[in-house]
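# Observations on the three-dimensional arrangement
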Amino acid sequence: MKISRIPVEVRYAETDQMGIVHHSSYVVWCELGRTALIRELGFSYAQMEADGVLAPVLNINLNYKHTTKYGETVTVHTWIEAYDGLRVTYGYDIVNEKGETCVSGTSLHVCVKKETFRPISIRKQLPEWHEVYEREKKS
């Protein structure tokens with residue numbers, strides 16, 4: 001199972017009046033992690049979109065465990081939690097410099113045709129992605 005790890009330096013704009021990272025920022029960090037994982041697997045999210053395929057979020061679930069503050073650096077760990085040929089669930093752990101998991105969660109995606117927004121089979125329409133996702137998904 002491939003796990004992507006990317007550092008994110010907490011920016012001031014991502015914090016609230018208390019100096020703590022706003023909960024919405026973690027969703028953006030998950031997207032950074034997901035894009036990095038896809039790139040590390042040898043694919044390009046941007047190229048997929050240019051080819052007329054989008055991957056909207058169907059569900060996102062994040063559990064907040066520890067606060068994160070301006071000036072800290074966290075690491076976003078991302079992997080393929082589940083894959084069935086149609087839907088992909090990505091897993092996330094956002095870990096602080098002390099090694100504490102601050103946020104954990106998942107996001108569920110399905111690929112759709114850009115013109116119609118109708119779901120497509122990754123297995124059939126993106127066979128290279130399918131092969132790699134089957135190999136790299138969590139067992």
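Everything discussed here concerns the structure shown above.
Quick summary incoming for the structure in this document.

Criteria and cut-off values
Residues numbered from 1 in each chain as written. Predicted model: local features only at pLDDT ≥ 70, side-chain atom pairs only at ≥ 80, totals over all residues. Heavy atoms only, no water. Patch = residues over 30% accessible without salt bridge, like charges linked within 9 Å, V, L, I, M, F, W, Y side chains within 5 Å. Areas by Shrake-Rupley, 256 points an atom, 1.4 Å probe, with all protein chains shown as cover. Salt bridge = Lys/Arg side-chain N within 4 Å of Asp/Glu carboxyl O. Helix = DSSP H or I, 4+ residues; strand = E, 2+ residues; numbered from the N terminus. Buried < 20%, exposed > 50% of the residue type's maximum accessible area, 1.4 Å probe, protein only. Expected span 1.5 Å × (residues − 1). Pairing = 2+ DSSP bridges. Axes fitted to C-alpha atoms, helices over the stretch in contact; angles between N-to-C directions. Contact = heavy atoms within 4.5 Å. Polar contact = N/O pair within 3.5 Å; in protein donor to acceptor, adjacent residues only side chain to side chain. Disulfide = S-S within 2.5 Å.

### Quick look at a nonpolar patch on the surface
Together, V27, V57 and I60 make up a nonpolar patch on the protein surface, roughly 210 Å² of accessible area in all. Along the chain, V57 falls in strand 3 (residues 57–64). Given the relative accessible area of 44%, V57 is considered partly exposed.

### Side note on helix 1 (residues 23–40)
Helix length check: helix 1 (18 residues) gives 27 Å between terminal C-alpha atoms against 26 Å at 1.5 Å per residue, within 8%. Listed in full, the buried residues belonging to helix 1 are S25, Y26, W29, C30, G33, R34, A36, L37 and I38. One or two positions beyond helix 1, positive phi appears at G42, with a value near 100°.

### Quick notes on the pairing of strand 4 (residues 73–83)
The pairing of strand 1 (residues 4–9) with strand 4 spans six bridges and is antiparallel. Counted as the bridge partner of S4 is T78 from strand 4. Sheet topology places strand 4 next to strand 5 (residues 87–95); eight bridges connect them, and they run antiparallel. Bridge assignment links W79 to a residue of strand 5, and that residue is G91. Hairpin connection, strand 4 to strand 5: the antiparallel pair is bridged by three residues, and G85 has positive phi, about 95°.

### Describing the sheet that holds strand 1
Spatially, the five strands line up as an open sheet ordered 1-4-5-6-3, and their pairing is antiparallel. Looking along the sheet, the strands with just one partner apiece sit at the ends: strand 1 and strand 3. Strand-to-strand twist in this sheet, taken as the mean axis angle between neighbours without regard to direction, amounts to 20°. Taken together, the nine bridges between strand 5 and strand 6 (residues 101–110) define a ladder with antiparallel strand orientation. Bridging from a neighbouring strand, G91 pairs with T106 of strand 6. The sheet contacts of helix 1 involve strand 1, strand 3, strand 4, strand 5 and strand 6, and relative to strand 1 the element is tilted by about 140°.

### Observations concerning unusual backbone geometry
The phi torsion at F117 lies on the positive side, around 60°, for a residue other than glycine. One can find F117 in the loop between strand 7 (112–113) and helix 3 (122–125).

### What to know about the side chain of S121
Summarising the element assignment, S121 is placed in the loop between strand 7 and helix 3. At a separation of 3.4 Å, a polar atom in the side chain of S121 contacts the main-chain amide nitrogen of R123. Discounting residues that sit within four places of it in the chain, S121 has contacts with G85, L86 and L126.

### Notes on the state of the cysteines
In this structure the tally under the stated criterion is zero disulfides. Of the cysteine sulfurs around C102, a residue in no disulfide, the closest is that of C30, at 12 Å. Between C111, a cysteine without a disulfide, and C30, which holds the nearest cysteine sulfur, the sulfur-to-sulfur distance is 18 Å. We classify C111 as buried; its relative accessible area is 7%.

These results come straight from atomic positions and should not be treated as a statement about function.
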